[in-house]
Amino acid sequence: MADRLGWRRRSLLLAGVRAATAAPLLGGCAAWQPGQSAEPVDATEAPGFLPPPDGVRRPVALVLSGGAARGFAHLGALRVLEREGLRPDLVVGTSAGAMVGAMWASGMPVSEIERAAEQLDWTVFFDFDPVRTVLGGLGLGLVPGARLEQFLRQHLRGPIERFPLPFAAVAADMESGEVVPLNHGDAAKAVRASCAVPGVYAPVRARGRLLADGQIVSPLPVMTARRLGAMRVLALDVVYPPNHSEMSSPVSMLFQSLIVSGWRQVLAERALADLVITPEIRTSSQLGLGSRGWVTAAGETTALSRIGEIRRLFAPSP
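All figures in this text were calculated on a predicted structure; none of them were measured in a lab.

Student: Describe the overall build of the protein chain, listing the residues and the values that go with them.
Tutor: Each helix and strand in the protein chain was counted, giving 12 helices and eight strands. Taking contacts inside the protein chain between residues at least 6 apart in sequence as the whole, the part at least 24 apart equals 79%. As displayed, the protein chain has an accessible area near 14100 Å², and 55% of this comes from carbon and sulfur atoms.

Student: So what's going on with the pairing of strand E2 (residues 90-94)? Residues and values would help.
Tutor: For a regular strand, side chains alternate in direction, first toward one face of the sheet and then toward the other. Counting buried residues along E2, five of its five residues qualify, which places the element largely inside the surrounding structure. The side-chain alternation of E2 yields two buried faces, one formed by Leu90, Val92 and Thr94 and the other by Val91 and Gly93. Both strand E1 (residues 58-64) and E2 contribute to a ladder of four bridges, which runs parallel. Opposite leucine 64, over in E2, you have glycine 93 as the bridge partner. Taken together, E1, helix H2 (residues 72-84) and E2 constitute a β-α-β crossover, and its handedness is right-handed. Direction of pairing for E2 relative to strand E3 (residues 167-173): parallel, over a ladder of four bridges. Paired with glycine 93 across the bridge in E3 is alanine 169.

Student: Tell me about the pairing of strand E7 (residues 230-236), and please be specific about residues and values.
Tutor: In terms of burial, E7 is a largely internal element, six of the seven residues being buried. Note: E1 against E7, six bridges, orientation parallel. Pairing of valine 60 across the sheet is with arginine 232, part of E7. As paired elements, E7 and strand E8 (residues 275-277) share three bridges and run parallel to each other. Bridge pairing in E8 links alanine 235 to valine 276.

Student: Any chance you could break down helix H11 (residues 292-305) for me, citing the residues and the numbers?
Tutor: In a regular helix each residue adds 1.5 Å, so 14 residues correspond to 20 Å; H11 covers 20 Å between its end C-alpha atoms and thus fits that length. Taken residue by residue, H11 has Val295, Thr296, Ala298, Gly299, Glu300, Thr302 and Ala303 as its buried positions. Packing partners of the buried residues in H11 comprise H2, helix H4 (110-117), E8 and helix H12 (307-314).

Student: Give me the nonpolar core: which residues, what numbers.
Tutor: Of all hydrophobic cores here, the largest spans 69 residues; its most connected members are Leu81, Trp104, Phe167, Leu234 and Ile310. Residues contacting tryptophan 104, with those up to four places away along its chain left out, are Leu62, Leu78, Leu81, Glu82, Leu86, Pro88, Val91, Val110, Ile113 and Leu165. Judged by nonpolar contacts, the second largest core, of 15 residues, contains Leu90, Val92, Val170 and Ala235.

Student: Requested: an account of the side chain of glutamate 300, with residues and values cited.
Tutor: As for its position among the elements, glutamate 300 is in helix H11. For glutamate 300, a relative accessible area of 15% gives the class buried. Polar contacts involving the side chain of glutamate 300 include one to the side chain of arginine 79, which spans 2.6 Å.

Student: Run through the packing of H2 against H12, naming residues and quoting values.
Tutor: The geometry of H2 relative to H12 is characterised by a closest axis approach of 12 Å and an angle of 60° between their N-to-C directions. Taken together, the axes of H2 and H12 are oblique relative to one another. Every pair of crossing elements has a handedness; the one defined by H2 and H12 is right-handed. Contacts between H2 and H12 pair Val80, Leu81 and Glu84 from the former with Ile307, Ile310, Arg311 and Phe314 from the latter. Taken together, the residues of the contact of H2 with H12 break down into five nonpolar, no polar and two charged.

Student: Quick one: what's the story with the pattern of salt bridges, residue by residue and with numbers?
Tutor: For the structure shown, the criterion picks out 10 salt bridges. A salt bridge links aspartate 173 to arginine 209; the nearest nitrogen and oxygen atoms lie 2.5 Å apart. In this pair, aspartate 173 sits in strand E3 while arginine 209 sits in strand E6 (residues 209-213), placing the two residues 36 residues apart along the sequence. Given a relative accessible area of 6%, aspartate 173 falls into the buried group. According to the relative accessible area criterion, arginine 209 is partly exposed, its value standing at 26%. Here the residues in one salt-bridge network are Arg79, Arg83, Glu114 and Glu300, joined through shared partners.

Student: Which residues make up unusual backbone geometry, and what are the values?
Tutor: Although it is not a glycine, serine 95 adopts a positive phi angle of roughly 55°. Position of serine 95 relative to the elements: it lies in the loop between E2 and helix H3 (96-105). You will see that arginine 207, though not glycine, has its phi angle at about 50°, which is positive. Position of arginine 207 among the secondary structure elements: in the loop between strand E5 (204-206) and E6.

Student: Provide a residue-level description of the packing of H2 against H3, including the pertinent values.
Tutor: It is at 11 Å that the axes of H2 and H3 come closest, and there the two elements cross at 30°. In terms of orientation, H2 lies roughly parallel with respect to H3. In the packing of H2 onto H3, the handedness of the crossing is right-handed. On H3, the residues that touch His74, Leu75, Leu78, Leu81 and Glu82 of H2 are Gly97, Val100 and Trp104. Split into classes, the residues belonging to the contact of H2 with H3 amount to five nonpolar, two polar and one charged.

Scoring rules and cut-offs
- Residues numbered from 1 in each chain as written.
- Predicted model: local features only at pLDDT ≥ 70, side-chain atom pairs only at ≥ 80, totals over all residues.
- Heavy atoms only, no water.
- Helix = DSSP H or I, 4+ residues; strand = E, 2+ residues; numbered from the N terminus.
- Contact = heavy atoms within 4.5 Å.
- Areas by Shrake-Rupley, 256 points an atom, 1.4 Å probe, with all protein chains shown as cover.
- Buried < 20%, exposed > 50% of the residue type's maximum accessible area, 1.4 Å probe, protein only.
- Pairing = 2+ DSSP bridges.
- Right-handed = clockwise from strand over helix to strand, strands pointing away.
- Expected span 1.5 Å × (residues − 1).
- Core = buried A, V, L, I, M, F, W, Y, C linked by side-chain atoms within 4.5 Å.
- Polar contact = N/O pair within 3.5 Å; in protein donor to acceptor, adjacent residues only side chain to side chain.
- Axes fitted to C-alpha atoms, helices over the stretch in contact; angles between N-to-C directions.
- Parallel < 35°, antiparallel > 145°, perpendicular 65-115°, else oblique.
- Left-handed = near helix turned anticlockwise from the far one by under 90°.
- Nonpolar A, V, L, I, M, F, W, Y, C, P; charged D, E, K, R; others polar.
- Salt bridge = Lys/Arg side-chain N within 4 Å of Asp/Glu carboxyl O.

What follows is the structure, encoded as structure tokens:
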């Protein structure tokens, strides 16, 4: 009996390690409060969607894609916008893009977001607790996210509707398959929901919905920006492209199938943007947090190379 229990614990620990390794491939960045399959939250604080008033128009929207560690490239592009004094009228992000976008829309300058990012390590994202898992079961996710929740609350204070820039984090309704923009309520929970990779992290239950990683339904949420009144859209696309993969095992083939299944969504939403910036981020292995420096630089370099087009997009309409 003791041997069986020991085997079970070792198996669950191994599953947690594999989950931590797999999550960057799936493009997520957030988690779940331990001890529950999906955290219930007070409806007055839960993130949700508040439709904009009829006829509202946002001249320029900035859309930030998912992409896990590739999302550091968003910071480089935002550096360029800040230096140029180019301020969008709406920010919409999915997964890693929701995390960066929420901080920027909340009023944090890029330099401050970069300092916050230096506090991140894999223990923040993957605080897997095998003892808790053995005692409480797997629930709907392998990895608890109390540390990430704490990190987000340190940097995202107040509800989304009080941000200086209008903002929406995009999540997936796991029961209906709908795209759910979260532009109202608890910002930290909204970002966590947008980043919650199914099976790895448990979903967030809010306002009657079971919410998970927005990258499932909208990796580059241009359609959501249009839905929220965007007249022109600048999209920053750092989604992992299928042709960057090295398929060498059954597991890599599984991940490749997920990448391929979402790629058509990326292409469809690219077509709806007025300008798409795609930094060159190519490696022979999966990116980690240690890559943040050169990935950020890649985003800045690409944005600078397109600065003329970006300026024209932000120019007032005649």
